[in-house]
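Listed below, chain by chain, are the residues.
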Amino acid sequence: MRYLINFDAKLMDNYETDVLIVGSGISGLFAALNIDEKLKVTIISKEDSKTNNSYMAQGGIAVTFEAEDIESHIEDTMKAGGYYNDLPAVRILVEEGRKNIEKLMAYGVEFDQEEGHIAFTKEGGHSIRRIVHKKDYTGKEIIEKLIEVVRKRENIVCYENSFLIDVLTESEGVKGAIALIDNQKKLIQTNHVVLATGGIGKLFMNTTNSSISTGDGIAVAYRAGAIIEDMEFIQFHPTPFQSQGEAFLISEAVRGEGGILRNKNGEAFMGKYHPMKDLAPRDIVSRSILKEQKVQNSPEIYLDVTHFEEGYFDKRFPSIFNYCISKGIDPRKEWIPVNPSEHYLMGGIKTDFNGKTNIEGMYSCGESARTGVQGANRLASNSLLEGIVFGNRVARTINSSGSIVNKSIDINFSELIPISDEYSKDILELKKIMDESANILRSENKLLEALDKIKKLKAVYENKCCNEKEFMEFKNMLIVSELIISMALDRKDSLGSHFMEDSNE
Ligand SMILES: Cc1cc2nc3c(=O)[nH]c(=O)nc-3n(C[C@H](O)[C@H](O)[C@H](O)COP(=O)(O)OP(=O)(O)OC[C@H]3O[C@@H](n4cnc5c(N)ncnc54)[C@H](O)[C@@H]3O)c2cc1C
């Protein structure tokens, strides 16, 4: 179905803006700040402005400051991505990194310093130390500072606890959008919609992602006819701390600083699987953990930092330290129990190098976009970088096209039947299907079975509508899940994070 709700645009409350940005993560905020101050920009976010994956980022941002490091950052990104990345996009990412990091710093973002210079750390897949960070709460530092600047900008309006339902299109492109703002359905008159809606972690039982990550922007774009690509490439982080359904991230920077993965017998097993050991790219470490669990016939895997110099771990990684302590583990003396969980989507809404989709007036940046930089597996700390580099490019594109707001939107839709049924058990069912089929190890049989189940679930709800935000999210999740499973089935051979047990690596 083209839209999520029945509506008649002519009868709706109007709200006018030059640019609608959906998402207050790093990519949405950075795009907003770089849009010409003569244009009215409206940012909406599903929960408060700080509930997003950007705020939770720990490790930092990979950035090349020295010209001689450019080629090695490009090579590391391509290698981690299985050489499936679009090389020109990767070059843009790396070459434009420094100037955008400097912009972030001009907005007030502070990174850790060492002897008067920015301190760099290392993570898996990086050949040198090139990650700028603020202890282990880099995302919090960035989002808090960007929000402060956004609030001072007179041309930017923010609505929290709002919800993009759909983007309205006609053959010429974007005509507007429908969103819940202050619990009211509004027709948003705008010719520019930026989808900066983040990831899809909530399609799985175990994820490091925040509650907003249900893939809404991808589903909205798909319904509008945007090209969606590479959805089979989903990154599972090797080392979240598992506790009561929560997967709290233990940053890769912990291994970058010397943390070692051990099996239940204390053996440092990564050397058996890859020459880069604990700092191999994430897809390899996650699969190695599963192999080791099988070999040992035990789910127990630990991250050991007990050998760190006294006082170092708690000072360098205070949030992780405090979390472990709250769960009864003292990392200075005990190993941290870890297990892989869904973390990041490499695919998404296909854009060109300026963040434009195939639909005139629709843009995407950040995790919801498929720019081509992440390939089949993202290099650690390249996603915050993607958010600023391509957020800035989206802003530049909008600035150069200006704005003429279309005031007469004559679109209506009335094909859905309102329901008040109980659907939450089916959300759980969908997550179970995704866990069983689209996880780290995949097989054609499991994927085919999953596709069949998802199609049946979709058919139940296809022509139904309901005003609850959770129901709309669920319908979006069904679309995104079907895209993931279908694209995984289309890719018969393993590549990067997409590992088919029945094919060769
Ligand atoms: C725990 C954790 C640690 C990480 N650490 C790092 C790191 O150290 N370095 C790194 O580079 N990357 C890291 N990542 C990945 C990185 O944080 C994300 O990929 C990146 O922040 C995504 O930014 P974004 O702007 O695309 O989306 P997000 O920051 O997730 O923001 C999405 C926004 O879209 C809004 N939204 C979604 N749907 C709707 C809707 N229907 N209506 C209205 N609003 C909507 C949400 O409310 C939210 O404001 C980490 C991720 C996690 C989960």
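Residues numbered from 1 in each chain as written. Predicted model: local features only at pLDDT ≥ 70, side-chain atom pairs only at ≥ 80, totals over all residues. Heavy atoms only, no water.

Caption draft 1: Highlighting the site of the ligand. If you check the shell around the ligand, you find 38 residues, and the closest are Ser27, Ser54, Gly60, Glu367 and Ser383. Separating an oxygen atom of the ligand from a backbone N or O atom of alanine 196 is a distance of 3.3 Å. Interatomic distance of 2.7 Å between a side-chain N/O atom of glutamate 367 and an oxygen atom of the ligand. Relative to its free-state accessible area of 1000 Å², the ligand is covered by the protein chains to the extent of 98%. Sorting the residues of the shell around the ligand by element identifies α1 (26-33), α2 (53-56), β11 (163-170), β22 (341-345) and α12 (383-401) as the ones contributing at least two each. The greatest single-element share of the shell around the ligand, amounting to 3 residues, is contributed by α2. Counted by class, the shell around the ligand contains 12 nonpolar, 21 polar and 5 charged residues. (Near = heavy atom within 4 Å. Polar contact = N/O pair within 3.5 Å; in protein donor to acceptor, adjacent residues only side chain to side chain. Areas by Shrake-Rupley, 256 points an atom, 1.4 Å probe, with all protein chains shown as cover. Helix = DSSP H or I, 4+ residues; strand = E, 2+ residues; numbered from the N terminus. Nonpolar A, V, L, I, M, F, W, Y, C, P; charged D, E, K, R; others polar.)

Caption draft 2: Summary view of the packing of α1 against α12. It is at 8 Å that the axes of α1 and α12 come closest, and there the two elements cross at 35°. Crossing of α1 against α12: the hand is right-handed. Taken together, the residues of α12 that come into contact with α1 (itself represented by Ile26, Ser27, Phe30 and Ala31) are Leu384, Gly387, Ile388, Gly391, Asn392 and Ala395. (Axes fitted to C-alpha atoms, helices over the stretch in contact; angles between N-to-C directions. Left-handed = near helix turned anticlockwise from the far one by under 90°. Contact = heavy atoms within 4.5 Å.)

Caption draft 3: View of the pattern of salt bridges. Enumeration over the complete set of coordinates arrives at 39 salt bridges. Arginine 130 is paired through a salt bridge with aspartate 76; the nearest N and O atoms lie 2.9 Å apart. Taken together, the residues span a long stretch of sequence, with arginine 130 in the loop between β8 (120-121) and β9 (131-132) and aspartate 76 in helix α3 (residues 70-80) at a distance of 54 residues. For arginine 130, a relative accessible area of 1% puts it in the buried group. Overall, aspartate 76 belongs to the buried group, its relative accessible area being 8%. Shared partners join several salt bridges into a network, and the residues in it are Asp86, Glu229, Asp230, Lys350 and Arg370. (Salt bridge = Lys/Arg side-chain N within 4 Å of Asp/Glu carboxyl O. Buried < 20%, exposed > 50% of the residue type's maximum accessible area, 1.4 Å probe, protein only.)

Caption draft 4: Spotlight on the packing of aromatic side chains. In this structure the tally under the stated criterion is 18 aromatic pairs. Centre to centre, the rings of tyrosine 15 and tyrosine 159 are 5.7 Å apart; their planes meet at 85°, and the pair counts as edge-to-face. Residue tyrosine 15 is located in strand β2 (residues 13-16), and its partner tyrosine 159 is located in strand β10 (residues 156-159); the two are separated by 144 residues in the primary sequence. A relative accessible area of 21% means that tyrosine 159 is categorised as partly exposed. Each ring, one from phenylalanine 65 and one from phenylalanine 120, has its centre 5.8 Å from the other, and the planes form 75°; the classification is edge-to-face. Separated by 55 residues along the polypeptide, phenylalanine 65 in the loop between β5 (61-62) and α3 and phenylalanine 120 in strand β8 bring together distant segments of the chain. Looking at phenylalanine 65, the relative accessible area reads 17%, which means it is buried. Classification of phenylalanine 120 by relative accessible area gives partly exposed; the value is 25%. Taken together, the ring pairs connect Phe308, Tyr312, Phe313 and Phe317 into an aromatic cluster. (Phe/Tyr/Trp six-rings, centres within 6.5 Å; stacked < 30°, edge-to-face > 60°.)

Caption draft 5: Here's a closer look at a negative patch on the surface. On the surface, Asp421, Glu422, Glu468 and Glu470 cluster together into a negatively charged patch. Locating glutamate 468 in the fold gives a position in the loop between β29 (464-465) and α15 (469-490). For glutamate 468, a relative accessible area of 41% gives the class partly exposed. (Patch = residues over 30% accessible without salt bridge, like charges linked within 9 Å, V, L, I, M, F, W, Y side chains within 5 Å. Lys, Arg positive; Asp, Glu negative; His and termini not counted. Charge placed at Lys NZ, Arg CZ, Asp CG, Glu CD.)

Caption draft 6: Inspection of unusual backbone geometry at higher detail. Here tyrosine 83, not a glycine, exhibits a phi torsion of approximately 55°, which is positive. On the secondary structure map, tyrosine 83 appears in the loop between α3 and α4 (87-95). For tyrosine 83, a relative accessible area of 46% translates into the label partly exposed. Positive phi outside glycine occurs at aspartate 230, with the angle close to 60°.

Caption draft 7: The arrangement of the pairing of β11 in detail. Most of β11 sits inside the fold, with 7 of its 8 residues counted as buried. Bridge count between β11 and strand β12 (residues 173-181): 7 bridges; the pairing is antiparallel. Residue valine 167 lies in a different strand from β12, and its bridge partner there is alanine 177. Counting the residues in the hairpin turn of β11 and β12 gives 2 residues. (Pairing = 2+ DSSP bridges.)

Caption draft 8: Inspection of α4 at higher detail. Restricting attention to buried positions, one finds in α4 the residues Ala89, Val90, Ile92, Leu93 and Val94. Of the surrounding elements, those touching the buried residues of α4 are α3, α5 (97-106) and α12.

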